[in-house]
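Okay, here's what each chain looks like letter by letter:
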Amino acid sequence: MTRGQIRGSATGTPRRHHRRTALAAASSAVLALTLLGAAGAQASPGAGEKGPHAAEAPDISVAAVQQDLKDLQSVAEANGGNRAHGRPGYKASLDYIKEKLDAAGYKTTIQEFDNNGSTGYNLVADWPGGATDSTVMTGAHLDSVSSGPGINDNGSGSAGILETALAVAKADLKPSKHLRFAWWDAEEEGLVGSRHYVERLGQDEIGAIDTYLNFDMIGSPNAGHFVYEDDPSVEAVFTEWFQSKGIETEASEEVNGRSDHASFKDAGVTVGGSFTGAGETMTQAQADKWGGTAGEPYDACYHSACDDLTNINEEALDLHSDAIAHAVWELSS
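Residues numbered from 1 in each chain as written. Predicted model: local features only at pLDDT ≥ 70, side-chain atom pairs only at ≥ 80, totals over all residues. Heavy atoms only, no water.

Under the annotation held in an unreviewed UniProt entry, the protein chain carries the name M28 family metallopeptidase and is attributed to Streptomyces tubbatahanensis.

Below is the structure:
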């Protein structure tokens, strides 16, 4: 997550109403009733059975997410101790993720851009199928700062969405909406990679993005549990899920405008996401609620050399990785 505040100027657009889909659903319901009357009660699903798009998201293995973080740590150690934009550790990180996505059946694209004389690389991965005029996009920045390996900021979000993407492939998910995942470069330089991507989309392409979900720092050691406050219906997907786990979330001012969702929000795209906190201090009320330490930062190693494998709260990482999967499954149905 970038250190400076970058304020967006646009608000999210209202969610679109799919009248044609609703009419089709109504016609299908009439047809189903007709067939049921002719064929008998055996044509109806049993109690508790779910429709084809109502499957619950799988549990994301925190061990798999942790292994990704170990591999990103190894990449940093082999490349000068960081994975920063313009440094070899960033490109090695991108190649690591791309190889996994290619093997899982994604269509991957590397988008290059120039930033102050350095070449930047965004990685975009599309899951085959779904209505391309209604896309759920999930992203995280992959670059670290130059002072350290960036395992919480933002190896955690990058690994969380990677394992969700791989879970989509393992389940052979057939969502009604198109699914796209992205890993951004140069976020720490001022959201450069995501802004480059958005600025090169046509208005039709921007309008086709139903929701953009962003995950930046989801394993903070003194973890808070925050949900992006933008669109009430998207926010509820997260807050209700966390409530089902016995956790009361809060909206966070700390993340506003400081991560890649701002690039999409400025273009009028509905955004959402979750976050475990960066350099701000946990209050006593939050510590009482979440079990953390009051008076300490959510992440004392934020933008520091100590943001390594020892800087991860596994319980928070597990929880927020599962939240990613839940939101992807729920919003793409």
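So much for the structure itself; the text now carries on.
Caption draft 1: Broad picture of the pattern of salt bridges. Under the definition given, this model contains nine salt bridges. Lys98 is the salt-bridge partner of Asp102, the closest N and O atoms lying 2.8 Å from each other. You can see Asp102 and its partner Lys98 sitting in helix α3 (residues 88–104), four residues apart, about one turn around the helix. Between Asp230 and Lys265 there is a salt bridge, and its shortest N-O distance comes to 3.2 Å. Here Asp230 is found in the loop between β6 (226–227) and α7 (232–244), whereas its partner Lys265 is found in helix α8 (residues 261–265), with 35 residues between them in sequence. The class for Asp230 is partly exposed, based on a relative accessible area of 22%. (Salt bridge = Lys/Arg side-chain N within 4 Å of Asp/Glu carboxyl O. Helix = DSSP H or I, 4+ residues; strand = E, 2+ residues; numbered from the N terminus. Buried < 20%, exposed > 50% of the residue type's maximum accessible area, 1.4 Å probe, protein only.)

Caption draft 2: The arrangement of helix α2 (residues 62–77) in detail. The end-to-end C-alpha distance of α2, which contains 16 residues, comes to 22 Å, matching closely the 22 Å that a straight helix rising 1.5 Å per residue would cover. All of the buried residues in α2 are Val62, Val65, Gln66, Asp68, Leu69, Leu72, Gln73, Val75 and Ala76. Viewed along the axis of α2, the buried residues span an arc of 165 degrees, placing them on a single side of the element. Exposed positions of α2 whose direction lies more than 90 degrees from the buried face are Ala63 and Glu77. Where α2 is buried, its residues meet α3, α4 (151–171) and α10 (314–332). (Expected span 1.5 Å × (residues − 1). Arc of directions from axis to C-beta. Contact = heavy atoms within 4.5 Å.)

Caption draft 3: Inspection of the pairing of strand β1 (residues 107–115) at higher detail. Where β1 lies against strand β2 (residues 118–127), nine bridges are found, and the strand directions are antiparallel. Bridge assignment links Thr109 to a residue of β2, and that residue is Val124. Here β1 folds back onto β2 in antiparallel fashion, the turn holding two residues, of which Asn116 has a positive phi close to 55 degrees. (Pairing = 2+ DSSP bridges.)

Caption draft 4: The arrangement of the confidence of the model for the protein chain in detail. With 85% of its residues at a pLDDT of 70 or more, the protein chain has an overall mean of 88. Overall, residues 5–53 carries pLDDT values under 50, and its contacts beyond four positions in sequence, including any with other chains, amount to 45 contacts. (pLDDT = per-residue confidence, 0-100.)

Caption draft 5: Seen up close, the packing of aromatic side chains. Applying the stated criterion across every chain, the model contains eleven aromatic pairs. Ring centres of Tyr106 and Phe181 lie 6.0 Å apart, and the angle between their planes is 80 degrees; on these two criteria the pair is classed as edge-to-face. Here Tyr106, found in the loop between α3 and β1, pairs with Phe181, found in strand β4 (residues 177–184); they are 75 residues apart in sequence, far enough to count as distant. As far as the burial class goes, Tyr106 and Phe181 line up, both buried. Relative to Phe264, the ring of Trp184 has its centre 5.9 Å away and its plane inclined at 45 degrees; by these criteria the two rings are tilted. In this pair, Trp184 is assigned in strand β4 and Phe264 in helix α8, connecting sequence segments 80 residues apart. Just as Trp184 is buried, Phe264 falls in that class too. Within the aromatic cluster, the residues linked to one another by ring pairs are Trp184, Tyr197, Tyr212 and Phe264. The ring of Tyr121 is capped by Lys91, whose NZ or CZ atom sits 5.4 Å from the centre of that ring. (Phe/Tyr/Trp six-rings, centres within 6.5 Å; stacked < 30°, edge-to-face > 60°. Lys NZ or Arg CZ within 6 Å of the ring centre and 35° of its normal.)

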